[in-house]
Each structure stands twice: as C-alpha cells, then as structure tokens.
Amino acid sequence: MAAQASLAPLRQQARAAGRAFGAAIRTDLLSDADYTRLFSTEAEILVPEWEGKWDTLQPTEAGFDLAPLRAITGFAQAHQQRVRGHALVWHNAMPPWLVARLAEGASTARALLEAHFNHVLPATRATIRDWDVVNEPIANPPGADNPQAGANPLRESPWFRALGPDYIEIALRWARALDPTLRLTINDYGIEEATPDADIKRERLLALLRRLLDRGAPLDALGIQAHLQLRRPFDPDRFGRFLSAVRDMGLAILVTELDVREADTLPPDLAARDAAVADRVRAFTTTAMQAGCRTIITWGLTDKHSWLTQDADVARRDGVLTRGLPFDSELQRKPMWHALAAAMG
Ligand code: 9MR
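(A) Inspection of the overall build of the chain at higher detail. Within the chain, the secondary structure is distributed over 14 helices and nine strands. The C-alpha atoms of the chain give 20 Å as radius of gyration, which agrees with the globular expectation for 345 residues (20 Å, within 12%). C-alpha atoms of the chain, sized along the principal axes, occupy 60 × 45 × 40 Å. Taken over 345 residues, the chain has a buried fraction of 56%. Nonlocal contacts in the chain, meaning residues at least 24 apart in sequence, comprise 77% of its contacts between residues at least 6 apart. Accessible surface, the chain: about 14,000 Å² in total, of which carbon and sulfur atoms supply 52%.

Here's what the structure looks like:
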C-alpha cells in the first residue's frame, strides 16, 4: 500500500505523458474539503456535472444565473485547472418554459438558442475553451430497452421538433460565430460496446458527422461519454475502427464521462468486482489512446458521489453500491485508478 500511495496523481501522470485526465465536479460538494482536495490533486480538467445545463443557466426566460458555473470556473482557476463546458443544447435539463416556447416553432426556437448562446458564451469565454455544443443527438435504435424509438437516426427532441435536423448545424454555426477559437464538440453515449444497438448508433453518428462536415459546419471534436456496462461485451477492434473513422474526418476524440456499471450478478468479493471494472477500463482507455485520444474524463471521482449510485434508474436495486469510478466511498484509489494510470501514464 505504501508504494501505491506514493504514485503520483492521475493529473500529473497524464500530463507527463502529454495527456489530460479530468473529472465531473459538483458545486453542492465544494464545501467538502476531502472532496475538493481529491479534485484539485487528481484532475487537470473539470466538467460541471449540472451547472452548465440550460435549467441552471437560464431557469426563467429573462433570468440567467451563472453563479453555480462560476463557482466551478473559480475553483479551476484557483487550482490551475481547465474547464469543459457541458451541455448547451440537450433534450434533458431543459426548464419547462423552454420546452413550452420551443413548441411555438422554428423562428422562436432559433431566437431562444441564439439568446442563450449570446449570454453564456461571451460570459465564459475567458474560462471555458471547449463546450459540448450538442449533447446526445443520436436516437437509440428501437429495441427491448426502448420500445418507443422510431427509425429517425436523430433523437426527436424538442429542438429537433422545432427546427428539424438543422438544429445541430444552427447551434454549431452560432457558437463559432460568437467565438471563433472555441472548441466545438458533439457528445454522445451508447457507441462504445459490441452490441447491435451500439453498431447502429455508431453508424448514425458517423453519418451525422459526415453530413455536418460535408456541409462545412464548424465542428472540432467528438465526445464519447463512455458510460460502460459490464453486462455488454467490449470489442477493441470494432470500437477502434469506429474511432479511426472519426479521426479520418479530422475530428479530435475525447472520452468525456467514463464510468462503469457493474454486471447484474456480482462476483463474490470486492477484489473480483474491482478487477472486472479495471479490466474493462484498461481495455477501453488503451483502445481510445491508440486511436489518438489524449483526454480522459471520468463522471465524478468517487463511488460515493456517482450518478451510478444516486440515480434511481441506474442504481442497483439490491442496494449494493456500484464501484464504477477510480476512488471508493472512502476516497481510496481502486484498481480502476491504476488501470487509468497504466493506460494514460
Ligand atoms: O450526473 C448528472 C446528474 O447529476 C444530473 O442530475 C443529470 C441531469 O442533469 O445529468 C447527469 O449527467 C448526465 C450527463 O449530463 C449527460 N450524460 C449522462 C449523464 C448521466 O445521466
């Protein structure tokens, strides 16, 4: 254990290798000294877990509130960290007023999008140089998990319903017009594993990226959320081919929300569970790194404060805490931490 404790934090190990490690952080925990010490030590990049979403930034049409986001950019400045913005246009975390106004049609939707960007992007220009401009635009294929889904490759969000497929290009172009050197990212999930659904989502995403680039839309990077699930198989070759196709388009690749949902049936002891999580993370991050990805961000740092343990839709029904992040609930490094260090360092 003494040898483990002396290993440099992921922040330093990744940086020494010309890479960057980061994690999603939450302002409601900034008063917890152990939590903040972990983030300032381990993370080079911070992502606001909810503070950069529309319902926080513009809870009423006339009322912007950037204070929670500023709490994070301020923390980052104090600790010489970078912040990624997340997420400007998304079908979740929309305030009710916005959903209602989008139903009025295209010209209203466009004006609302522009007004939001006009406020948020100049205000965060000095501190946030990379934004998820559009989050989760690809529809899940129809299937057992998702009986309602249709054949449309794009998710039929309130933005899609108001503006059609062009909403993505409109958002990218407006962001570029306001801030020509901001890195513009499209971020999505369900594209990592070796399942028929993931194959379909990868194809849909590649088609979207190709169309955007053919039309000259400004786009710099693809964010791969990487909410991995051990009940699904992972095939490095299949995932690697997808990453190569993205790189061939000239886009950067970021891993933006990495964590691991454990198998439905757990191995008997903690060591076996942690080894399974670490093995998946090692295989996944190594494949991403080999494809030229230089940035790995986990969705939180400790199991104690993870959506995997706190969101009723994904938490285990038997009450057992999912061990899907690099630190356990006592903030101790787990095998996943060492897998990240090995892959990034
Ligand atoms: O982890 C986030 C949770 O705390 C928020 O309540 C929720 C809604 O804003 O969003 C969660 O983060 C999601 C992220 O923004 C997009 N990809 C999936 C993440 C987990 O649901």
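Having seen it, we continue.
(B) View of the side chain of Arg-26. For Arg-26, the location among the structural elements is in the loop between strand 1 (20-25) and helix 3 (33-42). At 3.5 Å, the side chain of Arg-26 forms a polar contact with the backbone oxygen of His-305. Those residues within four positions of Arg-26 in sequence are excluded, and the remaining contacts are Tyr-35, Glu-49, Trp-50, Glu-51, His-305 and Gln-310.

(C) Up close: the packing of aromatic side chains. Tallied over the full model, the rule gives six aromatic pairs. With a centroid separation of 5.4 Å and an interplanar angle of 45°, the aromatic rings of Trp-54 and Trp-159 are classed as tilted. Linking Trp-54 in helix 4 (residues 54-57) with Trp-159 in helix 8 (residues 158-163), this pair joins segments that are 105 residues apart in sequence. For the pair Trp-54 and Trp-159, one class covers both residues: buried. Here the aromatic rings of Phe-239 and Phe-284 are separated by 5.0 Å at their centres, their planes lie at 25°, and the arrangement is stacked. Of the two residues, Phe-239 sits in helix 11 (residues 236-248) while Phe-284 sits in helix 12 (residues 270-290), which places them 45 residues apart along the sequence. Each member of the pair Phe-239 and Phe-284 is classed as buried. Grouped by ring-pair contacts, the aromatic residues Phe-234, Phe-239, Phe-242 and Phe-284 constitute a single cluster. The positively charged end of Lys-201 is found above the aromatic ring belonging to Tyr-189, 3.7 Å away from the centroid. The aromatic ring of Trp-337 is capped on one face by Arg-333, whose charged end is 3.9 Å from the ring centroid.

(D) The pairing of strand 4 (residues 128-135), seen in detail. Across the eight residues that make up strand 4, a large majority, seven, are buried. As judged from the two bridges shared by strand 3 (residues 82-85) and strand 4, these two strands associate in the parallel manner. Residue pairing in the sheet places Gly-85 in a bridge with Trp-131 of strand 4. By the bridge criterion, five bridges tie strand 4 to strand 5 (residues 183-188) in an arrangement that is parallel. Looking across to strand 5, one finds that Trp-131 is bridged to Leu-184.

(E) Focus on the packing of helix 7 (residues 106-124) against helix 9 (residues 167-178). Between helix 7 and helix 9, the shortest axis-to-axis distance is 10 Å and the interhelical angle comes to 35°. Here the hand of the crossing between helix 7 and helix 9 comes out right-handed. Listed contacts from helix 9 to Arg-110, Leu-113, Glu-114, Phe-117, Asn-118 and Leu-121 of helix 7 are Ile-170, Ala-171, Trp-174, Ala-175 and Leu-178. Here the contact of helix 7 with helix 9 is built from residues that sort into eight nonpolar, one polar and two charged.

(F) Focus on the pattern of salt bridges. As enumerated under the stated definition, the model contains 26 salt bridges in all. Between Arg-333 and Glu-42 there is a salt bridge, with the nearest N and O atoms lying 3.2 Å from each other. Taken together, the positions of Arg-333 in the loop between helix 13 (307-310) and helix 14 (335-344) and Glu-42 in helix 3 put the pair 291 residues apart, joining distant regions of the chain. Residue classification places Glu-42 among the buried positions, given a relative accessible area of 3%.

What counts and what doesn't
- Residues numbered from 1 in each chain as written.
- Predicted model: local features only at pLDDT ≥ 70, side-chain atom pairs only at ≥ 80, totals over all residues.
- Heavy atoms only, no water.
- Helix = DSSP H or I, 4+ residues; strand = E, 2+ residues; numbered from the N terminus.
- Rg over C-alpha atoms; globule rule 2.2 N^0.38 Å.
- Buried < 20%, exposed > 50% of the residue type's maximum accessible area, 1.4 Å probe, protein only.
- Contact = heavy atoms within 4.5 Å.
- Areas by Shrake-Rupley, 256 points an atom, 1.4 Å probe, with all protein chains shown as cover.
- Polar contact = N/O pair within 3.5 Å; in protein donor to acceptor, adjacent residues only side chain to side chain.
- Phe/Tyr/Trp six-rings, centres within 6.5 Å; stacked < 30°, edge-to-face > 60°.
- Lys NZ or Arg CZ within 6 Å of the ring centre and 35° of its normal.
- Pairing = 2+ DSSP bridges.
- Axes fitted to C-alpha atoms, helices over the stretch in contact; angles between N-to-C directions.
- Left-handed = near helix turned anticlockwise from the far one by under 90°.
- Nonpolar A, V, L, I, M, F, W, Y, C, P; charged D, E, K, R; others polar.
- Salt bridge = Lys/Arg side-chain N within 4 Å of Asp/Glu carboxyl O.

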